[in-house]
Amino acid sequence: MVDIKVGYANGIPTIGNVNYESVCLGNTNFVEAVQISFEPSQLSLKEILDIFFRMHDPTTVNSQGPDRGTQYRSVILTHNDQDNEIAWTLKKENNKGWYPNHEVVTVIEPIKIWHDAENYHQQYLEKNPGGYECPSHFIRTKPKV
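Residues numbered from 1 in each chain as written. Predicted model: local features only at pLDDT ≥ 70, side-chain atom pairs only at ≥ 80, totals over all residues. Heavy atoms only, no water.

Notes on the overall build of the protein chain
Across its full length, the protein chain holds four helices and seven strands. Scanning the protein chain from its N terminus toward the C terminus, one meets helices and strands in the order β-α-β-α-β-β-β-α-β-β-α. The C-alpha radius of gyration computed for the protein chain amounts to 15 Å, which stays within 12% of the reference 15 Å derived for 145 residues, consistent with globular compactness. For the protein chain, the spread of C-alpha atoms along the three principal axes comes to 40 × 35 × 30 Å. Relative to its 145 residues, the protein chain shows a buried fraction of 37%. Across the protein chain, the fraction of contacts at a sequence separation of at least 24, relative to all contacts at a separation of at least 6, is 73%. Accessible surface computed for the protein chain: about 8900 Å², of which carbon and sulfur atoms make up 54%. When the 13 basic and 18 acidic side-chain charges of the protein chain are each reduced to a single mean position, those positions are 8 Å apart. (Helix = DSSP H or I, 4+ residues; strand = E, 2+ residues; numbered from the N terminus. Rg over C-alpha atoms; globule rule 2.2 N^0.38 Å. Buried < 20%, exposed > 50% of the residue type's maximum accessible area, 1.4 Å probe, protein only. Contact = heavy atoms within 4.5 Å. Areas by Shrake-Rupley, 256 points an atom, 1.4 Å probe, with all protein chains shown as cover. Lys, Arg positive; Asp, Glu negative; His and termini not counted. Charge placed at Lys NZ, Arg CZ, Asp CG, Glu CD.)

Below, the structure is given as structure tokens:
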């Protein structure tokens, strides 16, 4: 991995001053997201998305664990047609393999808008070692029943 940032993506384009407080109100349609820059010869998009599908619950609409709202939807934001094709293939494979009795509701769409989150959100768990834990975030080792 080359770089990672947290931020807010693909909300209502006319909203200015996008920040944590405005996104949490739930009326901006921005999603809390992670932007990963990586070297494909060392780490593939497939490897990243395999972890993505196993480390959160992609079967819940607009929620992750106790957190509710459109800002918590499961989404993959793509940069090109090849990324889009890989994402759709892995969504189908993971639905069949890891979530066979559930529907993976992850939205796959092109990235349109990105705002970096505030500095206090960047590297959040390094700054707050006892920080937030979500009961639905862990690396699955067996399919969800």
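Read on for the rest.
Topic: the pairing of strand E1 (residues 3-9)
Bridge count between E1 and strand E2 (residues 31-37): seven bridges; the pairing is antiparallel. Looking at the pairing, Ile4 lines up with Ile36 of E2. Where E1 meets strand E7 (residues 114-116), three bridges bridge the pair, whose relative direction is antiparallel. Residue pairing for E7: Ala9 is matched across the bridge by Trp114. (Pairing = 2+ DSSP bridges.)

Quick word on the packing of helix H2 (residues 45-55) against helix H3 (residues 81-97)
Between H2 and H3, the shortest axis-to-axis distance is 10 Å and the interhelical angle comes to 40°. Taken together, H2 and H3 sit at an angle that is classed as oblique. Once H2 is placed against H3, the crossing between them reads as right-handed. Contact with H2, carried on its side by Leu45, Lys46, Leu49, Asp50 and Phe53, involves Asp83, Ile86, Ala87, Leu90, Lys91 and Asn94 of H3 and no other residues of that element. When the residues that make up the contact of H2 with H3 are grouped by side-chain class, the tally is six nonpolar, one polar and four charged. (Axes fitted to C-alpha atoms, helices over the stretch in contact; angles between N-to-C directions. Parallel < 35°, antiparallel > 145°, perpendicular 65-115°, else oblique. Left-handed = near helix turned anticlockwise from the far one by under 90°. Nonpolar A, V, L, I, M, F, W, Y, C, P; charged D, E, K, R; others polar.)

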